[in-house]
Amino acid sequence: MKTVKESVDTAIIRDRIMAAMLGYAIGDALGKGTELMSKVEARHFYPDGLKEYSRIIRDGHRSQWKRNEWTGDTELLLLTADALSEDKDYVADTHARRIYEWFNNTEEEVVPLFRWILSKPEYLENPKEVAGEVWRNMPNLEASNEALGRCLILSFMPVNYRAILADGCRLTHHDSRCLSSAAVVGTIAHSLLWHGIMPSRETLCEVAAGIDERTIPFVEMAYNKEIADFGLDNPQTFWFTRLAMATGIWTLVNCETMEKALDKVVMEAGDADTNASLALALLGLKFGTDALPASLLEELNDKERVVRCAEKLAGTIIDLAENGIE
C-alpha cells in the first residue's frame, strides 16, 4: 500500500484542512447575523445583504457574542480537532470529556438536547449509553444538526473514518437521520480532502441508504431544487440535520466562490450559522485557503486559535496516514 507521501501532496492536505476550519469559523461568525430570523426579517435588517461582521445587529440573541466572534458550533469543531491531536487517534472518551467540559463552562445558550444529555452525572462514565437513553425517550421529532461539524472533522481520519464519525456522532446524536446525514457529509469531506473529488450523487444516495433511506430525498433535493425552496427559515424545521446536509451539498454544486455561498445561505436565515459554517468548510476543502473571503478572514475574532488548531490537526492526520490511505 502506498504511503501518504507517495499518494498525495501533504502541503495540499494541510491547506485543505486549514481552509475547512477557517471557513467553518467564518461561516459561523457571519451566519449568526441572521440566525433564528425569517427571510423577511433578514431582508429587513440587511436590505443589501450581510457581507461584513460590523453590520450584524445587536439584539438579545446576537449580543451573546462579539460581532466577529464564532459560536458554540465552532467551539465543538475545535475541541474535536484537539481531541484527535491529543490522542493521535480517535478515542471517544477523550472526545466526550471535551464536550462535557465545554458544556459545563460555556456561558452561551445551549440547545435542550445538550442539557438533557450532558447534565447527567453519569455521562462521562457511559456517554453513548446515556445519549442513547435520552434519544429513546425523546418525542419523535426531526433529528437536529449539532453533530455535523464535529463529524466533518472526524471524516479527515485517513482510515476507518465512517466508523469513527458514527462513534463520535453517537456521543450526543443517536438518531439514524443524524448518522446518515453525518455519513453523507463525511463521505464528501473525506473525498475532497484526500482525493480532491466530489463524490457522485449516486454514491451519496448509497451512503444514505445504508443507514436511513429517509435521507435520500434530501440528497436529491440538493441537486434538483433551488436553495430558496428548502424552507431554511421555517421555525418548525430549520434545525433539521438533513436540511443542513442538503445546504452544504447545494453550495458545492452551485457556488463558484465562498462569497456567493455566504450570500445565498446567510440570507436564507433560519439556522444560518450552522448552515453557513458547514457550507464554507466543504468549500474550503474544495477550493483551499486562497478562496477564503479576505476581509472576513482578516477580521475574524481569535483567528490565530483556529490556525494553531488546524496546523496541529493537519500534522496529526498526516502522521496517521503514513501507514496508508483508505
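What counts, and at which threshold
- Residues numbered from 1 in each chain as written.
- Predicted model: local features only at pLDDT ≥ 70, side-chain atom pairs only at ≥ 80, totals over all residues.
- Heavy atoms only, no water.
- Helix = DSSP H or I, 4+ residues; strand = E, 2+ residues; numbered from the N terminus.
- Phe/Tyr/Trp six-rings, centres within 6.5 Å; stacked < 30°, edge-to-face > 60°.
- Buried < 20%, exposed > 50% of the residue type's maximum accessible area, 1.4 Å probe, protein only.
- Core = buried A, V, L, I, M, F, W, Y, C linked by side-chain atoms within 4.5 Å.
- Contact = heavy atoms within 4.5 Å.
- Salt bridge = Lys/Arg side-chain N within 4 Å of Asp/Glu carboxyl O.
- Polar contact = N/O pair within 3.5 Å; in protein donor to acceptor, adjacent residues only side chain to side chain.
- Disulfide = S-S within 2.5 Å.

### What about unusual backbone geometry?
Argument step 1. One non-glycine residue, Lys88, lies in the positive phi region at around 55 degrees.
Argument step 2. Relative to the elements of secondary structure, Lys88 occurs in the loop between α4 (72-87) and α5 (92-105).
Argument step 3. The backbone phi angle of Ala269 is positive, close to 60 degrees, even though this residue is not glycine.
Argument step 4. As for its position among the elements, Ala269 is in the loop between α14 (258-266) and α15 (272-287).

### Considerations on the packing of aromatic side chains
In this description, an aromatic ring pair is defined by two values, namely the gap between the centres and the angle between the planes.
Argument step 1. Counted according to the given criterion, the structure contains four aromatic pairs.
Argument step 2. On the numbers, 6.2 Å between centres and 15 degrees between planes, the contact of Tyr100 with Tyr123 is stacked. With Tyr100 in helix α5 and Tyr123 in the loop between α6 (112-118) and α7 (127-136), this pair connects stretches of sequence that are 23 residues apart.
Argument step 3. On the basis of relative accessible area, Tyr100 is assigned to the partly exposed category, the value being 22%.
Argument step 4. Residue Tyr123 is classed as buried on the basis of its relative accessible area of 0%.

### With respect to the nonpolar core
Argument step 1. Counting 114 residues, the largest nonpolar core has Ile17, Met21, Ile26, Ile117, Phe156, Val184 and Leu313 as its most contacted members.
Argument step 2. Sequence-distant contacts of Phe156, that is, excluding residues within four places in its chain, are made with Ile17, Ala20, Ala189, Leu193, Trp194, Leu285, Leu313 and Ile317.

### Notes on the pattern of salt bridges
Oppositely charged side chains can pair when the atoms bearing their charge come close.
Argument step 1. Scanning the entire structure with this criterion turns up 14 salt bridges.
Argument step 2. Put simply, Asp263 and Lys51 hold a salt bridge, and the shortest N to O gap is 3.5 Å. With Asp263 in helix α14 and Lys51 in the loop between α3 (39-45) and α4, this pair connects stretches of sequence that are 212 residues apart.
Argument step 3. Glu75 is paired through a salt bridge with Arg305; the nearest N and O atoms lie 2.9 Å apart. With Glu75 in helix α4 and Arg305 in helix α17 (residues 303-321), this residue pair connects regions lying 230 residues apart in the sequence.
Argument step 4. Look at Glu75 and you get partly exposed, because its relative accessible area is 21%.

### Side note on the environment of His190
Argument step 1. Mapping His190 onto the fold places it in helix α10 (residues 176-195).
Argument step 2. A sequence separation of 38 residues divides His190 from Leu152, and the C-alpha atoms of the two residues are 8.2 Å apart.
Argument step 3. A polar contact of 2.9 Å, which involves the side chain of His190, links it to the backbone oxygen of Ser155.

### Description of the environment of Gly27
Argument step 1. Its location among the elements puts Gly27 in helix α2 (residues 10-31).
Argument step 2. The sequence separation of Gly27 and Leu280 amounts to 253 residues, and the corresponding C-alpha distance is 6.0 Å.
Argument step 3. In contact with Gly27, not counting residues within four places along its chain, are Leu262, Asp273, Ala276, Ser277 and Leu280.

### Concerning the side chain of Ser85
Argument step 1. Assignment of secondary structure puts Ser85 in helix α4.
Argument step 2. Taking the relative accessible area as the measure of exposure, Ser85 reaches 2% and is therefore buried.
Argument step 3. Apart from the residues lying within four places of it in its own chain, the contact partners of Ser85 are Lys312, Leu313 and Thr316.

### A short note on α7
Argument step 1. Among the residues of α7, those classed as buried are Pro127, Val130, Ala131, Gly132, Val134 and Trp135.
Argument step 2. Turning to α7, the residues buried within the fold contact α5, α6 and α10.

### Points about helix α9 (residues 161-169)
Argument step 1. Among the residues of α9, those classed as buried are Tyr161, Ile164, Leu165, Ala166, Gly168 and Cys169.
Argument step 2. Considering only its buried residues, α9 is in contact with α5, α8 (148-154) and α10.

### Things to note about the state of the cysteines
Argument step 1. Counting across every chain of the model gives zero disulfides.
Argument step 2. No disulfide involves Cys178; its sulfur sits 5.4 Å from the nearest other cysteine sulfur, which is in Cys169.
Argument step 3. Relative accessible area serves as the criterion here: at 1%, Cys178 is assigned to the buried category.
Argument step 4. A disulfide-free cysteine, Cys309 has its sulfur positioned 16 Å from the sulfur of Cys151, the nearest such atom.
Argument step 5. A relative accessible area of 6% places Cys309 in the buried class.

### Section: the environment of Asn104
Argument step 1. Along the chain, Asn104 falls in helix α5.
Argument step 2. Along the primary structure Asn104 and Ser119 are separated by 15 residues, whereas in three dimensions their C-alpha atoms are 8.4 Å apart.
Argument step 3. Side-chain polar atoms of Asn104 contact the backbone oxygen of Tyr100, separated by 2.8 Å.

By themselves, these observations are geometric and do not establish any function.
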